[in-house]
Amino acid sequence: MELDFEGDELKSVLNRLKRAQGQISGVIRMIEEGRDCEDVVTQLAAASRALDRAGFAIIATGLQQCLTDADKSERNGETNEQMRARLEKLFLSLA
């Protein structure tokens with residue numbers, strides 16, 4: 001399944017991923033500097049949420065595309081049930 005992101009969708013996902021990247025760099029720096037454990041965990045939790053939200057946005061885009069392109073997948077030999085099972089597996093991998 002190939003996702004087709006457009007303008008705002010792509011920008012939003014990339015922004016979330018870049019935010020998470022910055023937060024993870026911050027966590028590494030905080031650990032190297034011997035910062036307070038509570039501060040490190042707070043920053044790590046923020047990075048985790050940013051990654052989760054990016055993942056959910058990617059899956060939501062996939063679901064939307066699958067609903068509108070169901071006939072295309074059937075032409076490629078994949079049934080709606082197979083597509084649903086793959087998307088469910090992806091969704092659950094973020095849970």
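Our structure's up above, just so we're on the same page.
The sections below set out a description of the structure shown in this document.

Procedures and definitions
- Residues numbered from 1 in each chain as written.
- Predicted model: local features only at pLDDT ≥ 70, side-chain atom pairs only at ≥ 80, totals over all residues.
- Heavy atoms only, no water.
- Helix = DSSP H or I, 4+ residues; strand = E, 2+ residues; numbered from the N terminus.
- Buried < 20%, exposed > 50% of the residue type's maximum accessible area, 1.4 Å probe, protein only.
- Contact = heavy atoms within 4.5 Å.
- Patch = residues over 30% accessible without salt bridge, like charges linked within 9 Å, V, L, I, M, F, W, Y side chains within 5 Å.
- Areas by Shrake-Rupley, 256 points an atom, 1.4 Å probe, with all protein chains shown as cover.
- Salt bridge = Lys/Arg side-chain N within 4 Å of Asp/Glu carboxyl O.

## Considerations on the overall build of the protein chain
Within the protein chain, the regular secondary structure consists of four helices and zero strands. The helix and strand sequence of the protein chain, counted from the amino end, reads α-α-α-α. When burial is assessed residue by residue, the protein chain has 22% of its 95 residues classed as buried. For the protein chain, contacts bridging at least 24 residues in sequence account for 68% of all contacts bridging at least 6.

## Digging into a nonpolar patch on the surface
On the surface, a nonpolar cluster with roughly 460 Å² of combined accessible area is contributed by Leu-10, Leu-14, Leu-17, Ile-24, Ile-28 and Leu-51. Here Leu-10 is to be found in helix H1 (residues 7-32).

## Some points on the pattern of salt bridges
Within the structure shown, the criterion is met by one salt bridge. For Glu-33, the salt bridge identified is with Arg-35, shortest N-O distance 3.9 Å. The partly exposed category is assigned to Arg-35, whose relative accessible area is 42%.

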